[in-house]
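# Tertiary structure, described
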Amino acid sequence: MLFPGRLRSPDPRDSDSNKYCVLHRTLHIPHGIKRYPGPCPEPDTQPAFDLKKFMGRWFEITKLPAQFEKGRCIETNFTLKLDGNAHVVSSEILKGELRKIEGTAVVEDKKNPAKLEISFSYVLPYTPYWILSTDYENSALVYSCTDVLRLFHVDFAWILGRTRSLPAATIDHGREVFTSNNIDVSRMILSRQQGCDKGL
């Protein structure tokens, strides 16, 4: 899970000139990222989500293709901070080199703590990072979506594991959960998690 800058609709607080710039950047969707008509779906999220239990190391098992994830052995480590937010470190191996990016995860809505938001830069807005389901010990389903003026939306989805592989039944169940929430995972692919613990 290596995030790009968030695609977003113009903010009413932006100046007129900034609105044009934001809209121009928003409508430029990177090649390989699919967009869907209409606003984002509103999936159910993990009830009574416990951020503390979610902390630790998660490996990317499957994902919707993302232009910003080109490497293998992708994983994310969450560490709880004193302010109640989480420090996030995502990494991948690309062309024989270990690459890392650090950011912060925050709970945007205290009434729905499973709707996290993540930013990997002080100058970029936060990106939705919703926990649809997790047992904290084995697997988690994560969804991120941004719509543009409610005309179309761009989304990403991941099945994460506490280990580098999960049983096929767990993956199949995860895909069913996404589908039942009107999230198209027909393009979901397995992440490459082989040979990750060997020296680079």
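For every chain, the first residue of the written sequence is number 1, and numbering continues from 1 onward in sequence order. pLDDT decides what is reported in this predicted model: residues at 70 or higher carry local features, side-chain atom pairs at 80 or more are listed and counted, and totals for whole chains, interfaces and linings draw on all residues regardless. Just so you know, side-chain values use all the structure's heavy atoms and leave hydrogens and water out.

### Structural notes on the pairing of strand β5 (residues 97-107)
Definition in use: In this analysis, strands are considered paired if DSSP registers two or more bridges between them. Elements are defined by DSSP. Helices are runs of H or I of four residues or more, strands are runs of E of two residues or more, and each kind is numbered from the N terminus.
Relative to β5, strand β4 (residues 86-94) is paired through 9 bridges, and the arrangement is antiparallel. What sits directly across from Ser-91, in β5, is Lys-100. Where β4 folds back onto β5 in an antiparallel hairpin, the turn is made up of 2 residues, including Lys-95, whose phi is positive at roughly 55°. Where β5 and strand β6 (residues 115-119) come together, 4 bridges link them in antiparallel fashion. Within β6, the position partnered with Val-106 by the bridge is Glu-117.

### Let's talk about the pattern of salt bridges
Convention followed: The rule for a salt bridge is simple: a side-chain nitrogen of Lys or Arg has to be within 4 Å of a carboxyl oxygen of Asp or Glu.
In total, this model carries 5 salt bridges according to the counting rule given. For Lys-63, the salt bridge identified is with Glu-60, shortest N-O distance 3.5 Å. Where Glu-75 meets Arg-164, a salt bridge forms, and the shortest distance between an N and an O atom there is 3.3 Å. With Glu-75 in strand β3 (residues 72-80) and Arg-164 in the loop between β9 (152-161) and α3 (168-180), this pair connects stretches of sequence that are 89 residues apart.

### Some remarks on α3
Heads up, the rule is: Given the number of residues in a helix, its expected span is that number minus one, multiplied by 1.5 Å. With a 1.4 Å probe rolled over the protein chains alone, any residue whose accessible area is under 20% of its type maximum counts as buried; one over 50% counts as exposed, and the rest are partly exposed. By definition, the arc is the one covered by directions from the helix axis to the C-beta atoms. Throughout, a contact is declared for two residues whenever any of their heavy atoms are within 4.5 Å.
Helix length check: α3, at 13 residues, gives a terminal C-alpha distance of 18 Å against a target of 18 Å (1.5 Å per residue), a fit within 8%. Every buried residue of α3 is listed here: Ile-171, Gly-174, Val-177 and Phe-178. Buried residues along α3 cover an arc of 120° about the axis, so they all sit on one side. Exposed residues lying more than 90 degrees from the buried face of α3 are Ala-168, Ala-169, Glu-176 and Ser-180. Contacts from the buried residues of α3 go to β2 (56-63), β7 (127-134), β8 (139-148), β9 and β10 (189-190). Taken from the residues just after α3, Asn-182 is the one with a positive phi, measuring 65°.

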